[in-house]
Structures are given as structure tokens and as C-alpha cells.
Amino acid sequence: MALLARFQRYVAENGLFTHDDRLLLTVSGGVDSMVMLSLCVASGYRVGVAHCNFGLRGAESDEDEVLVAETAARLGVPCYNRRFDTAAEMERTGESMEMAARRLRYAWFGELCTAEGYAAIAVAHHADDSVETFFINLLRGTGLRGLTGISMQAGRIVRPLTFATRKEILEYAVANRIPYREDSSNRSTKYLRNKIRLGLIPRIREINPRFTSLMQRNIARLAEAQEFIAQAIELVRERAVERTGDTDRIRPERIDPRFPRRFVLYELLSSAYGFKGDVIDALCRALDEGASGRRFYARDRVACTDRGTVVVSPIADDDPCEVSVPEGALRAYGGNSVLHFETRSIDLVETFGVPPHRAQLDAALLRWPLTLRRWREGDWFVPFGMTGRKKVSDFLIDEKVSLPEKQRQFVLLSGDEIVWVVGRRIDDRYRLTDRTDEVLCITREIL
């Protein structure tokens, strides 16, 4: 069956949108989104085009913008363009390029939908993207939910090309003379997705040429299994979770002993409250040890072990959110951020000038475990480049940090000494010098 007919059937069978809906298409200028635009127009859907210029590839980004605008004009559909200073946003927030760009574009798409009356936002992810996401999550460590690929619909986000492969989309573009542009960054192995796309998957295809269709079926089965688990977990939740106001108490003894307790707790804590896998692992160890009073943090929830139960509640404004970071830890969570830790030889440090969301510390000077917590009155440190002490409160005032940001500010300590006002400045006493051999590199990522 031709791609156009398959597209129309896929949209209709899954109820993604109708001819009465106004549909906002996110079009980058690449082959996937340009084909999506062509398919939607050929099918008679009422569409508008949204294009983001993130300004990260110089003239390439501008040429993408021109192609999208000219194509939309030729097809007679509305076109909206927004230019973002992505690099400045990354510097301000400490986010990775991917996270900053994603947050900026989806916030704008939402604004467009409200202002212009669009019912859904269409994104051109396809079957190969879903397979790549499976491997990305597998390599990063994930629960079953992370192995279900990219969903065809999430809220008002729809993905009407997830039935098609990259090869089918490209063949359609060539056959129908659809103009598109190739993003040069897609050829770079700097990014994990590209390493999987350009390195891993071609090797697997040598073993099984039908790998993509096989993985589509596997991912579909995993998605069905996850849906079944989600329904089962809700039944467990009704029996094992007691709610009082905005506080939940999980009673593990009420979980059927035939069920894998750790897995059930993972599903309960991750799906409803946003706890991460390694945090849940540590919580389960505390339960196994019979420890009470241990506290574990998600973005906006704290879980506390209490006599064999787990009490989950919103994080209070005066909660220090203090967590211990053992030597060798790969990450630690604090508020709306995660810190990634890596120790490397000074010879492998590429640059000594790093942005504020990264810290490079002399590992030999650190006393483990480190402590991550909210800053508090009376805290002080020696800001990098200075010789005298400075109160953290005064430092934040000088940095013109807003009150909401102050409330979210964390510090990292070695013993009783602050080594990093997270995302802002390291302590000068822990800087790299000509005597440094090992470096603790820390990267802050906004969740």
C-alpha cells in the first residue's frame, strides 16, 4: 500500500486527528517533517506550520527557515517562525542543548495552539526514531516503560509517522520531489542517538535486514505489557497505598508476596511521583535493612522510610533536601536538577574554562561522602577567583538571583565546606592547580 494511503488509515484507525481539527505541524526542513507536511496537505487536513530556528548551525539554520517558509507559502498554509537564542538559554539554565531546545520549542508550540486555535501538535517521529529511543533508554538504564519507544500520542502531541520507516519516508520524498534539507549534525557521532543510528543499528541489520520491522513488533508487545502492568499497579495502589491529605503511605506488606516487591515499588514510585531508578534502589535497600527515617527525593516529592512503610509527601519549603553522595556515585538528585559525576585524569581534561552548569574539582581534596542540600543562612564559601570568604546569601544577591531561584539553590559540600554553589561557582580552594592529578567533573542537568 502506498505511503499516503497508509498514513490516512493510520491516522483514522488511531483517532489522532480529524478533518475538522486544526493541526499544527512542527516542520524543521528535514525530510521527515517535510514529508509529514506533504501527506497532511494531500489528505486535506487543516494545518499550520511551526518552524524553530535555534541559531546553532549558522547559515544552515537560516536556510532551513527559508525552505520551510517558501514551501508553506507555495502550499497555502499558515507559517509561524520563532528564533531562539539557545546558547544563551543553555548558559542561563545549565541545560543540555537537547533539553533547552525541547523546552523552548514545546512552550512556544503550546502558546501557538492557544493563540491560533490548533487542536493538536504533530511531530514527525517515525519507526526508526522509536527503535533508536529503545536503545538509548536501554543503555542509560530504564524500567520497562522506557523500552516502549515513542508513543503515537501524548496529550495533544501526535506522531502520525510512527508506522513508517526512515527508508519509506525518504523514498516518498524522492518519488514526489519533496524538497528537504539534511541537518549536518545528523552525521556527527558526538550524540548518543547518532552513535546508535550510524554505528550500532547498521551492524545489527547485517545480521537481520528486517531488524526495524522486527523491533516495531517487539516494541508494540512491550507497550502492551506496560499497559497491562500499569492497570495491575493501579489495583495494587488501591490496596497498598493510604492517602491522607497530600501524603501517601505505601504499605509493602500489603503487596501480594507472589509479586516481585522491588519491581512493584519501582512502578508505584516512578509512575505517580517521579522517583528515579537509582533512588528507588536505595530506598528499597533501606527497607530491606529495616532503616527508618531515611529520606529520598524526586523533583517535588520526598519519600521517607517509616517502620517498614514508605511515606511520600510534597517537599516542604524548609526541607533541606539533604542527600549523601558516596564515592563512585554516578548521579545525585537535588530539587529540579540531577548532578552527573565523573572522575578523570587531569590529562583528559579538555578545557579549564567551563560554563556555570559544570564544575571541575581537585578530587584529591574531597572528603567522601559528599553532601548535596539546599543552601541555608550562614553558609559561606570562597568564590573561585577570590581569596576571601563570602556568604552564599551575599553571593546570590550579587548574582541578582530571584527569590524563587534562591529557594531552589543547592550547594555541594565536602565535609563541612561548600565546594560548589551548584550551577554558579566553585570554591577556589578546590580549583584545579598544577598539583592536580585526578579531577571530579560534575554536570548539572535540569529535569
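Calculation rules
- Residues numbered from 1 in each chain as written.
- Predicted model: local features only at pLDDT ≥ 70, side-chain atom pairs only at ≥ 80, totals over all residues.
- Heavy atoms only, no water.
- Salt bridge = Lys/Arg side-chain N within 4 Å of Asp/Glu carboxyl O.
- Helix = DSSP H or I, 4+ residues; strand = E, 2+ residues; numbered from the N terminus.
- Buried < 20%, exposed > 50% of the residue type's maximum accessible area, 1.4 Å probe, protein only.
- Phe/Tyr/Trp six-rings, centres within 6.5 Å; stacked < 30°, edge-to-face > 60°.
- Expected span 1.5 Å × (residues − 1).
- Arc of directions from axis to C-beta.
- Contact = heavy atoms within 4.5 Å.
- Axes fitted to C-alpha atoms, helices over the stretch in contact; angles between N-to-C directions.
- Left-handed = near helix turned anticlockwise from the far one by under 90°.
- Pairing = 2+ DSSP bridges.

As for the pattern of salt bridges
Okay, so step 1: On inspection of all chains with the given rule, the structure shows 38 salt bridges.
Okay, so step 2: We note a salt bridge from Asp128 to Arg166, for which the minimum N-O separation is 4.0 Å. Taken together, the residues span a long stretch of sequence, with Asp128 in helix H6 (residues 127–140) and Arg166 in helix H7 (residues 166–175) at a distance of 38 residues.
Okay, so step 3: The residue Glu289 makes a salt bridge to Arg294 at a minimum N-O spacing of 3.7 Å.
Okay, so step 4: With relative accessibility at 56%, the residue Glu289 sits in the exposed group.
Okay, so step 5: One network of salt bridges, with partners in common, ties together Asp128, Asp129, Glu132, Arg166, Arg193, Arg197 and Arg205.

Let's talk about the packing of aromatic side chains
In this description, an aromatic ring pair is defined by two values, namely the gap between the centres and the angle between the planes.
Okay, so step 1: Under the counting rule described, the total for this entry stands at twelve aromatic pairs.
Okay, so step 2: Considering the side-chain rings of Phe7 and Tyr45, the 6.5 Å spacing of their centres and the 80 degrees angle between planes classify their relative orientation as edge-to-face. One end of the pair, Phe7, is in helix H1 (residues 3–13); the other, Tyr45, is in the loop between helix H2 (31–42) and strand E2 (46–53), and 38 residues separate them in sequence.
Okay, so step 3: Taking the relative accessible area as the measure of exposure, Phe7 reaches 0% and is therefore buried.
Okay, so step 4: For the ring pair Phe135 and Phe211, a centre distance of 6.1 Å and an interplane angle of 35 degrees mean the geometry is tilted. One end of the pair, Phe135, is in helix H6; the other, Phe211, is in helix H9 (residues 211–240), and 76 residues separate them in sequence.

Details of helix H11 (residues 277–288)
Counting along an α-helix, one turn takes 3.6 residues, and residues three or four places apart therefore face a common direction.
Okay, so step 1: The end-to-end C-alpha distance of H11 is 16 Å, a good match for the 16 Å that twelve residues give at a rise of 1.5 Å each.
Okay, so step 2: Within H11, burial applies to Val279, Ile280, Leu283, Cys284, Ala286 and Leu287. Within H11, the buried residues cover an arc of 155 degrees as seen down the axis, which keeps them to one side.
Okay, so step 3: Elements that come into contact with the buried residues of H11 comprise helix H10 (261–273), strand E9 (295–297), strand E10 (301–306), strand E11 (309–314) and strand E13 (331–334).
Okay, so step 4: Looking one or two residues past H11, Gly290 carries a phi angle of roughly 75 degrees, positive in sign.

Notes on the side chain of Ser61
Okay, so step 1: Along the chain, Ser61 turns up in helix H3 (residues 59–75).
Okay, so step 2: Among all residues touching Ser61, those that are not within four sequence positions of it are His51, Asn53, Gly55 and Leu56.

Focus on unusual backbone geometry
Okay, so step 1: Following Trp368, the chain continues to Pro369 via a peptide bond in cis, the omega torsion being -5 degrees.
Okay, so step 2: Along the chain, the position of Pro369 falls in the loop between strand E15 (358–362) and strand E16 (370–374).
Okay, so step 3: The phi dihedral of Arg307 falls on the positive side, at around 50 degrees, and the residue is not glycine.
Okay, so step 4: Note on placement: Arg307 falls in the loop between E10 and E11.

Some thoughts on the packing of H2 against H7
The angle between the axes and the distance between the axes are what describe a pair of packed helices.
Okay, so step 1: Closest axis-to-axis distance for the H2/H7 pair is 10 Å, and the angle between their directions is 65 degrees. Where H2 crosses over H7, the two elements pack in a sense that is left-handed. For the pair H2 and H7, contact is made by Val31, Asp32, Val35, Ser38 and Leu39 and by Ile169, Leu170, Tyr172 and Ala173, respectively.

A short note on the pairing of strand E14 (residues 337–345)
Okay, so step 1: In this structure, E13 lies alongside E14, joined through four bridges in antiparallel fashion. Note on E14: the bridge partner recorded for Tyr333 is Val338.
Okay, so step 2: If you look at the hairpin formed by E13 and E14, you'll find two residues sitting between the two strands, and Gly335 has a positive phi there, around 65 degrees.
Okay, so step 3: Here E14 pairs with strand E22 (residues 438–446) via nine bridges, running antiparallel. Following the sheet pairing, Arg344 is matched in E22 by Val439.

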